[in-house]
Amino acid sequence: QVQLVESGGGLVQPGGSLRLSCAASGSILSINVMGWDHQAPGKERELVASITRGGTINYQDSVKGRFTISRDNAKNTVYLQMNSLRPEDTAVYYCKLRTALGYSWGQGTQVTVSS
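Sequence positions are assigned chain by chain, starting from 1 and proceeding in written order. With pLDDT at 70 or above as the cut-off, local features in this predicted model cover only qualifying residues; side-chain atom pairs require 80 or more to be listed or tallied, and sums for whole chains, interfaces and linings still use all residues. To obtain the side-chain values, all non-hydrogen atoms of the structure were included, while hydrogens and water were left out.

Asker: It is not clear to me how the state of the cysteines should be interpreted in this structure. Could you clarify?
Answerer: Defined simply, a disulfide is a covalent bond joining two cysteines at their sulfur atoms. Only a pair of cysteine sulfur atoms within 2.5 Å qualifies as a disulfide here. This model, assessed by the stated rule, comprises one disulfide. Across a sulfur-sulfur distance of 2.0 Å, C22 and C95 are joined as a disulfide pair. Handedness here is read from the sign of the S-S torsion; for C22 and C95, about -85°, the answer is left-handed. Here C22, found in strand β3 (residues 18–26), pairs with C95, found in strand β9 (residues 91–99); they are 73 residues apart in sequence, far enough to count as distant. The helix and strand labels rest on DSSP assignments: H or I over at least four residues marks a helix, E over at least two residues marks a strand, and numbering proceeds from the N terminus.

Below, the structure written as structure tokens:
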């Protein structure tokens with residue numbers, strides 16, 4: 001069983017910053033990709049950012065230049081530095097892990113951007 005625990009969400013003003021963290025534990029042999037999805041109420045879950053074991057990064061177009069994903073392989077931890085936050089970034093953010101067996105998601109952490 002793989003466990004993913006997210007932290008770092010909260011309420012922030014437009015233009016502010018948050019840093020999300022996700023630690024993976026459990027039955028992990030080899031992690032191919034770690035990343036973040038988000039989902040707003042009534043909307044589909046979508047990719048925010050991902051990073052492979054080798055460091056290849058993919059971002060959703062709307063967050064390019066504002067968010068930075070990073071990974072600490074030794075700690076099985078992925079981070080998302082979120083700057084210049086906008087109200088449309090408001091969503092539940094889910095940590096995502098991909099191994100050869102498929103995908104796993106954490107329980108999510110709420111990010112709310114509001115004045």
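Asker: Even after reading the chapter, I still don't get the packing of aromatic side chains, so can you show me in this structure?
Answerer: How two aromatic rings sit relative to each other is given by the distance of their centres and the angle of their planes. Pairing of aromatic side chains here covers Phe, Tyr and the six-membered ring of Trp, requires ring centres within 6.5 Å, and sorts the geometry by plane angle: under 30 degrees stacked, over 60 edge-to-face, intermediate tilted. Counted according to the given criterion, the structure contains one aromatic pair. Taken together, a centroid distance of 5.8 Å and an interplanar angle of 20° make the contact between Y103 and W105 stacked. Looking at W105, the relative accessible area reads 39%, which means it is partly exposed. Each ring is checked for a lysine NZ or an arginine CZ that lies within 6 Å of its centre and within 35 degrees of its normal; such an atom marks a charge sitting over the ring. When the ring centre of Y79 is taken as reference, the NZ or CZ atom of R19 above it lies at 4.1 Å. Over the ring of Y94 we find R45; its NZ or CZ atom is 3.8 Å from the centre of that ring. Exposed residues in this analysis have more than 50% of their type's maximum accessible area, buried residues have under 20%, and partly exposed residues fall in between, with area computed by a 1.4 Å probe over protein chains only.

Asker: Sorry, what's going on with the sheet that holds β3 here?
Answerer: Within a beta sheet, neighbouring strands are joined by backbone hydrogen bonds and run either parallel or antiparallel to one another. Pairs of strands are assigned from DSSP output, requiring at least two bridges between the strands. Reading across the sheet, the four strands line up as β1-β3-β8-β7 and stay open at both edges, with antiparallel pairing between neighbours. Since the sheet does not close on itself, it has two edges, and those belong to β1 (2–7) and β7 (67–72), each with one partner. The mean inter-strand angle of the sheet, taken between neighbouring strand axes irrespective of direction, is 15°. Structural elements are reduced to axes, namely lines fitted to C-alpha atoms, with helices fitted over the stretch in contact, and the angle between N-to-C directions of any two is expressed from 0 to 180 degrees.

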